[in-house]
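Structural characterization, general
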Amino acid sequence: MRTVLPLITLLISCTSILAQVPNFYENNRGQKHLAGPFPLATLEEDATYASWYRASYEKFELRDEKAKWAKGLKDAQVTIYMGTWCGDSKNYVPKFVHAWVQAGLSPNQLKFVGLYGHGQEGKYKQGPKAEEKDRMIHRVPTFIFERDGEEFARIVEEPVNDLETDIAQIALGFPSTPSYRAANYLMEYFSNSEGPDWNVDQFARGLRYHVQRSSELNTLGYVYLSADKLDVALKVFELNTKLFPHEHNVYDSYAEALATNGEKELAQAFYEKVLLLDRFNENATQQIAKLREGK
């Protein structure tokens, strides 16, 4: 049986709505997006988002309509970090809300936080008031499950199994390890350590079989770079060159961070490595020319 969308909005208190006046911004393409906390009603009712929200919402149905597992989440709160510019957020957030409500849980238990996307210099995957700070967010959407202010599970970007199974496992106390295991580990490592014992080769050996694609750490590196944590970004990009030595993009990203750090000669050397793997790479050619002109 389908849940009627307007009923969800009615369940959200007026106080909550007033407390979460949505903050909008335009990206470099002139597209309107959300940044910071906002009420669910914004996704349901604003014409900019309602079409994709409703389409994804209506595609989802729980297999187990009784959802007895839901009682394990009656006292939980879920903060959903998302990007209205992000395809995975558009896909999974509406489905998550439908699963939550169809299982008999209250939408008042859900908090929504929009993060900036590409094109917002220095703000990539950040909130206007640093709402993501210390939450180890590197992919969106990220669903953080908490009880009495303590995190006990999360879903990162997409389910490990499928959405219903992942939520049910969390409710029963057996959450799956979130996707992007290596990135999650590194974020925790850097949050608890200044990294004086950093050994890139040692980390490469330890994480080699836990990173499936170079994009995992490449994205993480840019999150740190945008957050003005250049020292950490450099370490992540360098590690990626060790894990994926035959992919030109990892050298391109590392070179960009090196140039940002003022290490022009080393940056040029890594852009030249890009050209060894992709000799017609226009960006590398342009960046080498700029670095030479700057000498």
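Everything in this summary refers to the structure shown in the same document. (Residues numbered from 1 in each chain as written. Predicted model: local features only at pLDDT ≥ 70, side-chain atom pairs only at ≥ 80, totals over all residues. Heavy atoms only, no water.)

Brief notes about empty space enclosed by the protein
Selection criterion: Cavities and pockets were defined on a 1 Å grid built over protein atoms only: a cavity is a set of grid points that admits a 1.4 Å probe from which the probe cannot escape, a pocket is an open set flanked by protein on both sides within 12 Å along at least five of seven lines, and lining residues are those with an atom within 4 Å of any such point. Grid points are joined across faces, edges and corners, and a volume is the space filled by probe spheres set on the points. The way it works is that DSSP assigns letters per residue, a run of H or I at least four long becomes a helix, a run of E at least two long becomes a strand, and they are numbered from the N terminus. Residue type decides the class: Asp, Glu, Lys and Arg count as charged, Ala, Val, Leu, Ile, Met, Phe, Trp, Tyr, Cys and Pro as nonpolar, and the leftover types, Gly among them, as polar.
Per the stated rule, a full pass over the model turns up one cavity of 30 Å³ or more. Here the largest cavity defines a volume of roughly 60 Å³. Lining of the largest cavity is provided by R154, I155, V156, E158, V160, D166, I170, P175, S176, P178 and S179. No other element matches the three residues that strand 7 (residues 150-156) contributes to the lining of the largest cavity. Its residues assigned to classes, the lining of the largest cavity comprises six nonpolar, two polar and three charged.

Considering the packing of helix 11 (residues 248-260) against helix 12 (residues 264-277)
Describing two packed helices takes the angle between their axes plus the distance from one axis to the other. Condition: Only the stretch in contact is used when a helix axis is fitted, and all axes are lines through C-alpha atoms; the angle between N-to-C directions ranges over 0 to 180 degrees. To sort the angles, those under 35 degrees are grouped as roughly parallel, those over 145 as roughly antiparallel, those from 65 to 115 as roughly perpendicular, and the leftovers as oblique. Helix crossings fall into two classes, left-handed where the near helix is turned counterclockwise from the far one by less than a right angle and right-handed where it is turned clockwise. Residue contacts are defined here by distance: any two heavy atoms, one from each residue, within 4.5 Å place the two residues in contact.
Relative to each other, helix 11 and helix 12 sit at 165 degrees, their axes nearing to 8 Å. Between helix 11 and helix 12, the angle falls in the class roughly antiparallel. Seen along the crossing, helix 11 lies across helix 12 with a hand that is left-handed. Two secondary-structure elements touch here, helix 11 through H248, Y251, D252, Y254, A255, E256, L258 and A259 and helix 12 through L266, A267, F270, Y271, K273, V274 and L277. Of the residues contributing to the contact of helix 11 with helix 12, the split by class is eleven nonpolar, one polar and three charged.

Overview of the sheet that holds strand 6 (residues 142-147)
Rules: Note: two strands are recorded as paired if DSSP finds a minimum of 2 bridges between them.
Overall, mixed pairing links the five strands, which are arranged 3-5-4-6-7 in an open sheet. Only two strands of the sheet have a single neighbouring strand rather than two, namely strand 3 (36-38) and strand 7. Each strand axis lies, on average, 25 degrees off the axis of its neighbour in the sheet, ignoring direction. Bridge analysis of strand 4 (residues 77-82) against strand 6 gives five bridges, and the strand direction is antiparallel. By the bridge assignment, Y81 is partnered in strand 6 with T142. Against the sheet, helix 6 (residues 163-171) makes contact with strand 6 and strand 7, and its axis sits at roughly 165 degrees relative to strand 7, the strand it touches most.

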